[in-house]
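# Structural overview
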Amino acid sequence: MDSVDRRSFLKAGAAGLAALPAARAVLGVSLLDELPGAYGLQAVPFTSVDITDAFWRPRMEANRAVSLQHCFDRFEGGNEFSVSKLVEAAAYVLTKRPDTTLQAYVDQRVDRMVAAIDRRIENPQQAVRVSGHFFEAAVAYHQATGNQNILNAARRAADQIDQGYGPGKATYISGHEGLKIGLIALYQATGEERYYRLARFFADERGKDDYPRTGEYARDRTYAQDHMPVVKQKDAVGHCVRATFLYIPMTDIAALDQSKQYRTAVHRIWSDAIERKTYVTGGIGSIRFHEKYGAAYELPNLSAWNETCAAYGNVVWNHRLFLLERDAKYIDVMERVLYNALLVGVSLSGDRFFYQNPLISFGDYARFEWINTPCCPPNVVRLIASLGSYLYANDERNLYVNLFADSSAKVNLAGSTVRIRQETRYPWDGKIRLSVDPATPAEFTVHVRAPGWLRGEVMPGELYECVNARADNPRVTVNGAAARNPVDDRGYLQLNRRWQAGDVVEIDLPMPVREITARAEVKDDRRRAALQRGPLVYCAEWPDNNGHALNIVVPPGATFGTEFRPDLLGGVQVITGSVQAIERADGSTRVVPHRLIAIPYYAWANRGMGEMAVWLARDPDTAWIAPVLPDSIARIMHSGGVQKGWTGYNDQNDDLGAVYDGREPLNSADQSHRFFRMRPPVGQPAWLQYDFKQPMKISSTRVYFFDDKRFCKLPASWRLLYLGDEDWKPVDARRTYQVKKDAYSEMAFTAVMATAVRIEVEPQTVAYKSGDIGPPAAMFLTEDTAWREFGVIEWEVK
């Protein structure tokens, strides 16, 4: 079908979809490239790509056979926000592998979802709250199966929105930005320009002041990127999933309308996100409260939110930016996110998931089977199901090879049908054999990405750097003859020739182990190093390192090797090295030789709970082993009010042993390490207590209070008491007690003999209203709540 025919087909609307025998194949493509002013480059659709890769194929099979149904089974009713993503994933699965049983099941779920939506969309005010994911699912499922019911329901909802909203009508600021993605997808599938105009209208309305906002959206308008018009935004802020789901349609608008303002804005935001606010794994989201970007260089490893949903959005956004700019730097970021921040979100078995993805574990965090906010699993499922769409891209005379995976594809280039065959063991090996077989000889250019890691670049910008990195040039031959192919300024090897059947390109991308450090502003990574090989970030995990990982020391100058272990974690290339570790013996700590084994980060937590670290200590003082009570102290006690249990969310930094581990805090909001918090009921003070082994003379104390910038606050007041003979008594303080932020709160007092000592704390009482995002789970509250929570990072008595 040529461009004119396709436009005519689109103008015919949804009714024309079933009329074309080739509709399923055609609509596997992103249609943006065929619409006026759209992307000049298109992804080769997953329908034209077969992945036979030993790395990805098992994951895609687990995704199809386990993850998809596992998620469906746990979603009840017609929840279009989450079920829609699974329907979309099922569409991709069914397109590649027809399954009448699966299709019949999904048809039933679709009918239930459509019925629920039809009950809601009696007026535009209800329709506008239909999830954009439903529109995406409607397009994908109709394309895969011809199911008209879901597409018609999507159009009914969109038509209702169009009746009530737009220029000269009502306005609306959505809390979740996926609506615009869905409207653009519906426009792509039907050719109805008013759906696109609605998406553009809703994007343009953000940041204006003529729409009433309440609750959390009014208090912090950066939360949903509503603090200023989108074309004026320059920083990546707020909820990271909402952010990427805004930046994706902003990039679409930049392409569709050739808007310089939108294009400039997305580039500014991307630079801020990548150069200052992204973890070495490609994860985003430093702050649990609002699940948001932190300040520049605020990248704590233990409390890292790094939501798996945000990784999904980051993959899609960077792929869109590549289609817009044809620059490999976006694929470099996309690859990093895909292999690390996203893939870690699902277990090797396919039925356990991470919501958030820390870069360190003290041993009490694992994937969940299901939690109360299960938004992440469906995003993993739909991306893995459509993975083929991210490997290749083309226009009339250019083919881009972006991701390396054993695969085959069929592409139309320069008037010829070209079959591409890629043979490789990537990411374990950098050797790639690319067969280019045009049906008839044709001249075109094959652009092969030269990954940034090949040049010793971790990510664009200077957030991270490789230690003593050298640039490794790829070795390239065409039909056995060496090719002189310097990497162009957009990160690609350009192979331009008249191609004919039987042509073979062989590429060798050297894969040394890279040692990475972070900028000094990233406080949590100071005096630490991370390891990377190819696109994979590595970590040390307990089963491979004598039951520990946090005690490992990688001194400067350490050397590393690699080996493939087919029986480990589904087959992985491990990094080995002669390093050091700290251990405790005879009451003291010593440094001993250690044989490091590091595994790919995505594979951790598949063998039970235990220690893990991405950033490894450079010196013994930075390494960690479990603390022991000081010699003079018999035990530590507390008053209760500790409400911690397994939730599936990363809450592992809450530990009583933290108060005596001797670690110097970075600040009061330090979540790079453990602390201890309490939540006493209203009217009840809380206390922490040291019991001494024998009476001790004490004369001063200092305590470092915790404030996580959300629900755990600095206390209202505190005081010190001691136990002498029988009764608890306050010490004779030499001045007024103070509560200090980002410093120790200290008190000297008249010396006393004590058998025990206690700090008594009065927490702040904070009132949260129904509708606020509130404690303990950082979710919207359904009732007014009075909350009292404080924390202690360190407590010393002298």
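Note that the structure is predicted; figures quoted are calculated from it, not measured. (Residues numbered from 1 in each chain as written. Predicted model: local features only at pLDDT ≥ 70, side-chain atom pairs only at ≥ 80, totals over all residues. Heavy atoms only, no water.)

### Thoughts on the sheet that holds strand β11 (residues 475–478)
Spatially, β2-β6-β7-β8-β14-β11-β12 is the arrangement adopted by the seven strands of the open sheet, whose pairing is antiparallel. Sheet topology places β2 (49–51) and β12 (481–482) at the edges, where each strand pairs with a single neighbour. Here β11 runs beside strand β14 (residues 503–508); their pairing, made up of four bridges, is antiparallel. In the sheet register, Arg-475 faces β14, and the bridge partner there is Asp-508. (Pairing = 2+ DSSP bridges. Helix = DSSP H or I, 4+ residues; strand = E, 2+ residues; numbered from the N terminus.)

### Things to note about the pattern of salt bridges
Considering all chains together, one arrives at 56 salt bridges under this definition. Lys-277 is the partner of Asp-272 in a salt bridge, and the nearest nitrogen-oxygen pair spans 2.7 Å. The exposure class assigned to Asp-272 is buried, which follows from its relative accessible area of 3%. On the basis of relative accessible area, Lys-277 is assigned to the buried category, the value being 7%. Where salt bridges share partners, they join Arg-155, Asp-159, Asp-162, Glu-192 and Arg-194 into one cluster. (Salt bridge = Lys/Arg side-chain N within 4 Å of Asp/Glu carboxyl O. Buried < 20%, exposed > 50% of the residue type's maximum accessible area, 1.4 Å probe, protein only.)

### What about the packing of aromatic side chains?
Applying the stated rule across the entire model yields 40 aromatic pairs. When the centroid spacing of 5.4 Å and the interplanar angle of 80° are considered together, the rings of Phe-289 and Phe-711 count as edge-to-face. Of this pair, Phe-289 sits in the loop between α13 (260–276) and α14 (308–325) while Phe-711 is found in the loop between β26 (686–706) and β27 (717–723), placing the two residues 422 residues apart along the sequence. For Phe-711, a relative accessible area of 3% puts it in the buried group. Considering the side-chain rings of Phe-362 and Trp-624, the 4.7 Å spacing of their centres and the 90° angle between planes classify their relative orientation as edge-to-face. Within this pair, whereas Phe-362 is found in strand β3 (residues 360–362), its partner Trp-624 is found in the loop between β23 (616–617) and β24 (633–638), the two being separated by 262 residues in sequence. Phe-362 gets classed as buried once you look at its relative accessible area, which sits at 9%. Members of the aromatic cluster, joined through ring pairs, are Phe-55, Trp-56, Tyr-339, Phe-404, Tyr-426, Trp-428, Phe-564 and Tyr-602. If you follow Arg-59 out to its NZ or CZ, it ends over the ring of Phe-55, 4.1 Å from the centre. (Phe/Tyr/Trp six-rings, centres within 6.5 Å; stacked < 30°, edge-to-face > 60°. Lys NZ or Arg CZ within 6 Å of the ring centre and 35° of its normal.)

### Side note on the pairing of strand β8 (residues 431–438)
Here strand β7 (residues 416–424) runs beside β8; their pairing, made up of seven bridges, is antiparallel. Counted as the bridge partner of Val-418 is Pro-438 from β8. In this antiparallel pair of consecutive strands, β7 and β8, the connection spans six residues.

### Quick notes on the sheet that holds strand β13 (residues 492–499)
Read from one edge to the other, the open sheet built from five strands follows the order β1-β4-β5-β9-β13, with strand pairing classed as mixed. The strands lining the two open edges of the sheet, one partner per strand, are β1 (42–43) and β13. In this structure, strand β4 (residues 392–394) lies alongside strand β5 (residues 398–401), joined through three bridges in antiparallel fashion. Bridge pairing in β5 links Asn-394 to Leu-399. Seen against the sheet, helix α15 (residues 328–342) touches β9 (442–449) and β13 and runs at an angle of roughly 50° to β9. (Contact = heavy atoms within 4.5 Å. Axes fitted to C-alpha atoms, helices over the stretch in contact; angles between N-to-C directions.)

### Thoughts on helix α9 (residues 178–190)
An ideal rise of 1.5 Å per residue puts 18 Å on 13 residues; α9 measures up with 19 Å between its terminal C-alpha atoms. With 13 of its 13 residues buried, α9 lies for the most part within the structure. Positive backbone phi, approximately 80°, marks Gly-191, located one or two places after α9. (Expected span 1.5 Å × (residues − 1).)

### Here's the deal with the side chain of Gln-356
Note on placement: Gln-356 falls in the loop between α15 and β3. For Gln-356, the residues in contact, after removing those within four places along its chain, are Ala-304, Trp-305, Asn-306, Glu-307, Tyr-365, Tyr-649 and Asn-650.

### Concerning the pairing of strand β34 (residues 790–797)
Most of β34 sits out of view: six of its eight residues are buried. Where strand β25 (residues 676–678) lies against β34, three bridges are found, and the strand directions are antiparallel. Across the sheet, residue Phe-676 finds its bridge partner in β34, namely Val-792. In this structure, β26 lies alongside β34, joined through six bridges in antiparallel fashion. Bridging from a neighbouring strand, Thr-701 pairs with Val-797 of β34.

### Focus: the environment of Ser-639
Residue position: Ser-639 is located in the loop between β24 and β25. Along the backbone, Ser-639 and Val-401 are 238 residues apart, and their C-alpha atoms lie at a distance of 61 Å. Excluding its chain neighbours within four sequence positions, the residues that come into contact with Ser-639 are Met-678, Gln-684, Pro-685, Ala-686 and Trp-687. For Ser-639, the side chain forms a polar contact with the main-chain nitrogen of Trp-687, separated by 3.0 Å. (Polar contact = N/O pair within 3.5 Å; in protein donor to acceptor, adjacent residues only side chain to side chain.)

### As for unusual backbone geometry
Look at the link from Tyr-426 to Pro-427: it is a cis peptide, with omega at 10°. Considering the arrangement of structural elements, one finds Pro-427 in the loop between β7 and β8. In this structure, the amide linkage connecting Pro-775 to the following residue, Pro-776, adopts the cis form with an omega of 0°. Secondary-structure assignment places Pro-776 in the loop between β31 (773–774) and β32 (779–780). Its identity is not glycine, yet Gln-225 carries a phi of approximately 55°, on the positive side. Within the secondary structure, Gln-225 sits in the loop between α11 (215–219) and α12 (240–256). Of note in the backbone geometry, Gln-258 takes a positive phi value of approximately 50° without being a glycine. Looking at the element boundaries, Gln-258 is found in the loop between α12 and α13. Its relative accessible area of 48% is what places Gln-258 among the partly exposed residues.

### Overview of the packing of helix α3 (residues 56–74) against helix α4 (residues 80–96)
The interhelical angle for the contact between α3 and α4, taken along N-to-C directions, is 155°, at an axis separation of 10 Å. Considering the angle they form, α3 stands roughly antiparallel to α4. As for how α3 packs across α4, the hand of that crossing is left-handed. Along the contact surface, α3 presents Arg-64, Leu-68, Cys-71 and Phe-72, while α4 presents Val-83, Leu-86, Val-87, Ala-89, Ala-90 and Val-93. (Parallel < 35°, antiparallel > 145°, perpendicular 65-115°, else oblique. Left-handed = near helix turned anticlockwise from the far one by under 90°.)

### A look at the confidence of the model for the chain
Looking at the chain, the pLDDT average stands at 91 and 94% of residues meet or exceed 70. Low pLDDT, under 50, characterises residues 1–31; the stretch is placed with 48 contacts to residues that sit more than four places away or in other chains. (pLDDT = per-residue confidence, 0-100.)

### A closer look at α13
Its 17 residues place the ends of α13 24 Å apart at the C-alpha level, agreeing with the 24 Å of an ideal helix rising 1.5 Å per residue. What α13 keeps buried is the set Tyr-262, Ala-265, Val-266, Ile-269, Trp-270, Asp-272, Ala-273 and Ile-274. Packing partners of the buried residues in α13 comprise α10 (193–205), α12, α14 and α15.

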